[in-house]
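Topology and contacts: notes
Residue strings, one per chain:
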Amino acid sequence: MVGILNKVFDMNKRELKRLDKLAKQVDALAADTEKLSDDQLREKTEEFKARYQKGETLDDLLVEAFAVVREGARRVLGLYPYHVQLMGGISLHEGNISEMKTGEGKTLTATMPVYLNALSGKGVHVVTVNEYLASRDATEMGQLYQFLGLTVGLNLNSMDKDEKQEAYACDITYGTNNELGFDYLRDNMVLYKEQKVQRPLFYAVIDEVDSILIDEARTPLIISGSAEKSTVLYIQANAFVRTLSKDTDYTYDVKTKAVMLTEEGISKAEKAFGIENLFDMSHVSLNHHISQALKANVSMHLDIDYVVQEGEIVIVDQFTGRLMKGRRYSEGLHQAIEAKEGVEVQNESVTMATITFQNYFRMYAKLAGMTGTAKTEEEEFRNIYNMNVIVIPTNKPIIRDDRPDLIYTSMEGKFRAVVEDITQRYIKGQPVLVGTVAIETSELISKMLLKKGVRHNVLNAKNHAREAEIIAEAGHQGSVTIATNMAGRGTDIKLGEGVIELGGLAVIGTERHESRRIDNQLRGRSGRQGDPGVTQFYLSMEDELMRRFGSDNMKAMMQRLGMDDTQPIQSKMVSRAVESAQKRVEGNNFDARKQLLQYDDVLRQQREILYSQRDEVLESENLREIVEKMILSSIQRHVDVYTPKSEDEEEWNLQGLIDYASANLLHEGEITLEDFRGKYSDELVELIFAKVKEHYDEKEQILAPEQMREFEKVVTLRAVDSKWIDHIDAMDHLREGIHLRAYGQIDPLREYQHEGFAMFETMITSIEDEAAMYIMKAEIRNNLERQEVAKGQAVNPKEDGEVVKKQPKVNKENTGRNEPCPCGSGKKYKNCHGAVK
């Protein structure tokens, strides 16, 4: 064990030696850089950019660029980065985590790698935990970047699309982790490529990196909304479908479970819902509801496919016959069955897009971070984010007095001792920061202090601007501040006049956090930049961490020794036991985050495929080739179903294939059984595809080219977005129930990967089928308009998203699709000018 530790520290030593060498080269340029005028210093930026464009790497420019920023900081901010800050900056540029103690100037350290990487013109993101810190740093450090000729943007939640585009177009953009993630998700829901706000993700520097990449790693970002799945429409579609009769109004293939409306059925639907064309783009939702209602009524059977239990539809596993509680059919089929069986139709808000911070930040070409406490989580940073933790030495030695823990038998005794300690220091005038794990504890101590007449501030993390103000004053004489351990991160506690003589800031911890990192963070609030300070943790045998790891024996021993609540023990053995308990909890938490990532990686791969294909649709000028591939794929799939290779040709269901082609791609009667007889399956594909291409050509001739191209995009985007939303929903339900597979000695993760992949394949085929049908069947209007499938809203995963309903469009044309065309051609309206409205 000692050998491993030595190896780790040796690695850190070796790294520091190398960084020291590079920092000395920057130091060597200080005198020359100082001689430059302001204009000459500014011109360096253009010179560096030109050299980068000609092929020099950022590493080649590092030493000179760092020297320029350092000199710029002295002139603009009145701050001059120390040698150790240069080392921290180089480590950040190399995509590592620089562990720098509180008060060592992390914000200034970041200016050097941020400037260097911004020279590439690809955009650098500086990420903070809240908008107050983002605004503060963008304003303060922005002066330096602007002096050197770079642009600085601030990305806030309140901004509109144009303001965000402007912020992201800058060389350097400040923002919070939440807003960056939501912008990425929203960018992959836009209807026009011009609506995107982000550029490709290049380099990010994360402040308080452990808070964002570890503490918040399990929180997914979710954009939630309500898709066009009105419960009323499910009930109406169900009532309509019950009036239809088999063979006349719809065809049903028992083998494939495919149910399709005939021309007669389509006309009935148009009459029943008072519309002219069921395949018009404004009736996509209605068409979908009718088709799901048909499926629910014709191909899904009570007590075979599902059962009704306590007013809910529960799926029956077709292989095992077991009930699959918690699972729901996707694409609205579950709601259609609910309408059929007369139980309450659930219209939950849908997840339209989701991503975890782990997967969002792993998309950057290079990622770096700063914090005062990261070494304890180094394994996680290395394994998941491929970042090493480099511990940067402090500018001045730390002289803080970290005292051993004081352990009491009961909580009551512990809190009495804490309050007594605070009171004594308050009388002396020494500032005190009290760290608590829970808000209730801070309120309890506050009440006890009020009784003693000790004036104090209580800090919670709700008001960031006020929080920074309180923390900034926490080092003044006579100041007592009670805060949860995480409050005030990112703000220094500077000591007021006469405080050094009183022993500096006293930090009192009221219990140990389950993570050593958080305890270290609290300790680090005191003793900045070589200041004196003292830290003391008070524990009791009734603390949660102590209870969880068997403190009963020790409590009994203390009582046997006759120790009461006024006598603490200071024991290295107890302190070691606490630390090993913390290590165990940290290990458990790491495993939980790792497992979450493994599950989320399944969706990540799918998300990347889908988003890149969606981008292709947005970027393409002409989608015909892509659409034709989708149609061909759909035809091949259906031909394979109706003409299986395992059966004789006499057994083939050619009528079913004709019904499919008529319902989805061609006009009724256009293909007959005679056309199909004696042909191989690949010849059938060719025949149908040739007819489809003829129709496509006809549409192209009727419409202006730009209209046809826009029509393709409208249909394809709609199919992609609606199916993806359904897929995320289905994956959610799968994920919820998958752990039960472990009882059957099956690895839930492998099952999730396997089933998730099958579901993704089904979604892709579903997109192809829907796009094929609407491209071939929908009538095209002049006022084509891309529409969102659902209105989305960024939500905190712990809260419900606001449900936003979309109003259906009503078509007011008068000519029925089966009536003669008013132009006098003698053709039906749908086959003539009905194709253009």
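These numbers come from a predicted model, not from an experiment.

**What about the pattern of salt bridges?**
Where side chains of opposite charge bring their charged atoms close, a pairing between them can arise. What the rule picks out here adds up to 51 salt bridges. The salt bridge involving R42 is made with D39; its shortest N-O contact spans 3.0 Å. Note that R42 and D39 are positioned in helix α3 (residues 38-53) at a spacing of 3 residues, about one turn of the helix. Between E412 and R416 there is a salt bridge whose closest N-O contact spans 3.2 Å. Placement of both E412 and R416 in helix α17 (residues 411-428) is noted, with a separation of 4 residues, approximately one turn of the helix. What makes E412 exposed here is its relative accessible area of 57%. In the salt-bridge network here, residues are joined through shared partners; they are R624, E628, D697, E700, R709 and E712.

**Structural notes on the pairing of strand β13 (residues 366-371)**
Put simply, side chains in a regular strand alternate between the two faces of the sheet. By the criterion of burial, β13 is predominantly enclosed, with 6 of the 6 residues buried. Across the two faces of β13 the burial is the same, with K366, A368 and M370 and L367, G369 and T371 all buried. The pairing of strand β1 (residues 97-99) with β13 spans 3 bridges and is parallel. Bridge pairing in β13 links I97 to G369. Of the strand pairs in this sheet, strand β5 (residues 203-207) and β13 are connected by 5 bridges, and their pairing is parallel. Across the sheet, I206 pairs through a bridge with G369, a residue of β13.

**Examining the sheet that holds β5**
The 7 strands lie next to each other as β3-β4-β2-β5-β13-β1-β14, forming an open sheet whose pairing is parallel. Each end of this open sheet is capped by a strand with a single partner; those strands are β3 (152-154) and β14 (389-391). Going from strand to strand, the sheet's axes swing by 20° on average, the running direction of each strand aside. Inspection of the sheet shows β3 paired to strand β4 (residues 172-176) by 3 bridges, in the parallel sense.

**Quick look at the confidence of the model for the chain**
Summing up the model confidence of the chain, the mean pLDDT is 83 and the portion of residues at 70 or higher is 85%. Of all the helices and strands in the chain, strand β22 (residues 790-795) carries the lowest mean pLDDT, 60, while β3 carries the highest, 96. In the predicted structure, residues 796-814 sits below a pLDDT of 50 and forms 29 contacts with residues beyond four places in sequence or in another chain. Counting contacts from residues 822-826, a segment whose pLDDT is below 50, to residues more than four positions away or on other chains yields 5 contacts.

**A short note on unusual backbone geometry**
In the Ramachandran plot, E208 falls in the positive-phi region, its phi being about 50° despite a non-glycine side chain. Mapped onto the elements of the fold, E208 is located in the loop between β5 and α10 (209-215). Using a relative accessible area of 3% as the deciding quantity, one classes E208 as buried. With a phi angle near 50°, E310 is a residue other than glycine that sits in the positive phi range. Checked against the element boundaries, E310 lands in the loop between β9 (306-309) and β10 (312-316).

**Some points on the sheet that holds strand β11 (residues 323-324)**
Strands sit in the order β9-β10-β11 across an open sheet of 3 strands; the sheet is antiparallel. Unpaired on one side and paired on the other, β9 and β11 mark the two borders of the sheet. Sheet topology note: the β9/β10 ladder contains 4 bridges and is antiparallel. Of the residues in β10, the one forming a bridge with Y306 is I315.

**A look at a negative patch on the surface**
A contiguous patch of negative charge, built from D648, E649, E650 and E651, is present on the exposed surface. Inspection of the secondary structure assignment puts D648 in the loop between α24 (624-642) and α25 (654-664).

**Brief notes about the packing of aromatic side chains**
In the structure shown here, the tally under the stated rule is 11 aromatic pairs. Ring plane angle 55° and centroid distance 5.8 Å describe the contact between Y184 and Y360, whose orientation is recorded as tilted. Within this pair, whereas Y184 is found in helix α9 (residues 177-187), its partner Y360 is found in helix α15 (residues 357-361), the two being separated by 176 residues in sequence. The exposure class assigned to Y360 is buried, which follows from its relative accessible area of 0%. Seen in terms of ring centroids, Y611 and W724 are 6.2 Å apart; in terms of plane orientation they differ by 65°. Their pairing is edge-to-face. You can see Y611 sitting in helix α23 (residues 572-619) and its partner W724 sitting in helix α28 (residues 705-738), a full 113 residues away along the chain. Accessibility expressed as a relative area gives 5% for Y611, which makes it buried. Members of the aromatic cluster, joined through ring pairs, are Y184, F357, Y360, F361, Y364, Y611 and W724. One residue, K366, lies across the ring of Y203, its end atom 4.8 Å from the ring centre. Sitting above the plane of the F537 ring, R512 keeps its charged end 4.6 Å from the centroid.

**Examining the packing of helix α4 (residues 58-76) against helix α6 (residues 106-118)**
Interaxial distance between α4 and α6 falls to 9 Å at its minimum, and their mutual angle equals 135°. Here α4 lies oblique to α6, going by the angle between them. Along this stretch, α4 crosses α6, giving a crossing that reads as right-handed. Residues L58, L61, L62, A65, F66, V68, V69 and A73 of α4 lie in contact with α6, whose contacting residues are L108, T111, M112, P113, Y115, L116 and N117. Residue classes in the contact of α4 with α6 are distributed as 13 nonpolar, 2 polar and no charged.

**Concerning the side chain of H125**
Summarising the element assignment, H125 is placed in strand β2 (residues 124-128). A relative accessible area of 6% means that H125 is categorised as buried. There is a polar contact of 2.7 Å between the side chain of H125 and the side chain of Y364. If we ignore the near neighbours within four places in the chain, the residues touching H125 are Y168, T173, L180, L201, Y203, A204, V205 and Y364.

**Some remarks on the packing of α6 against helix α7 (residues 131-147)**
Look at α6 against α7: their axes get within 11 Å of each other, and the N-to-C directions meet at 55°. Between α6 and α7, the interaxial angle falls into the category oblique. Relative to α7, α6 is oriented so that their crossing is right-handed. Contacts between α6 and α7 involve T107, A110, T111, V114 and Y115 on the former and, on the latter, R136, D137, M141, L144 and Y145. Residue composition of the contact of α6 with α7, grouped by class: 6 nonpolar, 2 polar and 2 charged.

**Quick look at helix α5 (residues 83-93)**
Because each turn of an α-helix spans 3.6 residues, side chains separated by three or four positions in sequence point in the same direction. Among the 11 residues in α5, 10 count as buried, and that is most of the element. Restricting attention to buried positions, one finds in α5 the residues V84, Q85, L86, M87, G88, G89, I90, S91, L92 and H93. Two residues or fewer after α5 comes G95, characterised by a positive phi angle close to 80°.

**Focus: the side chain of T373**
Summarising the element assignment, T373 is placed in the loop between β13 and α16 (378-385). Engagement of the side chain of T373 in a polar contact is seen with the side chain of D210, the distance being 3.2 Å.

**Topic: the UniProt feature "binding site: ATP" (unreviewed entry) in the chain**
Listed under "binding site: ATP" (unreviewed entry) in the UniProt record, and renumbered for this structure, are Q85, G103, E104, G105, K106, T107 and D492. Its place among the elements puts G103 in the loop between β1 and α6. Apart from the residues lying within four places of it in its own chain, the contact partners of G103 are D492, R528 and Q529. Mapping T107 onto the fold places it in helix α6. Judged by its relative accessible area of 25%, T107 is partly exposed. Leave out the neighbours within four places in its chain, and T107 touches R136, D137 and M141.

Procedures and definitions
Residues numbered from 1 in each chain as written. Predicted model: local features only at pLDDT ≥ 70, side-chain atom pairs only at ≥ 80, totals over all residues. Heavy atoms only, no water. Salt bridge = Lys/Arg side-chain N within 4 Å of Asp/Glu carboxyl O. Helix = DSSP H or I, 4+ residues; strand = E, 2+ residues; numbered from the N terminus. Buried < 20%, exposed > 50% of the residue type's maximum accessible area, 1.4 Å probe, protein only. Pairing = 2+ DSSP bridges. Axes fitted to C-alpha atoms, helices over the stretch in contact; angles between N-to-C directions. pLDDT = per-residue confidence, 0-100. Contact = heavy atoms within 4.5 Å. Patch = residues over 30% accessible without salt bridge, like charges linked within 9 Å, V, L, I, M, F, W, Y side chains within 5 Å. Areas by Shrake-Rupley, 256 points an atom, 1.4 Å probe, with all protein chains shown as cover. Lys, Arg positive; Asp, Glu negative; His and termini not counted. Charge placed at Lys NZ, Arg CZ, Asp CG, Glu CD. Phe/Tyr/Trp six-rings, centres within 6.5 Å; stacked < 30°, edge-to-face > 60°. Lys NZ or Arg CZ within 6 Å of the ring centre and 35° of its normal. Parallel < 35°, antiparallel > 145°, perpendicular 65-115°, else oblique. Left-handed = near helix turned anticlockwise from the far one by under 90°. Nonpolar A, V, L, I, M, F, W, Y, C, P; charged D, E, K, R; others polar. Polar contact = N/O pair within 3.5 Å; in protein donor to acceptor, adjacent residues only side chain to side chain. UniProt positions renumbered as here; feature names shortened; annotations may be inferred.

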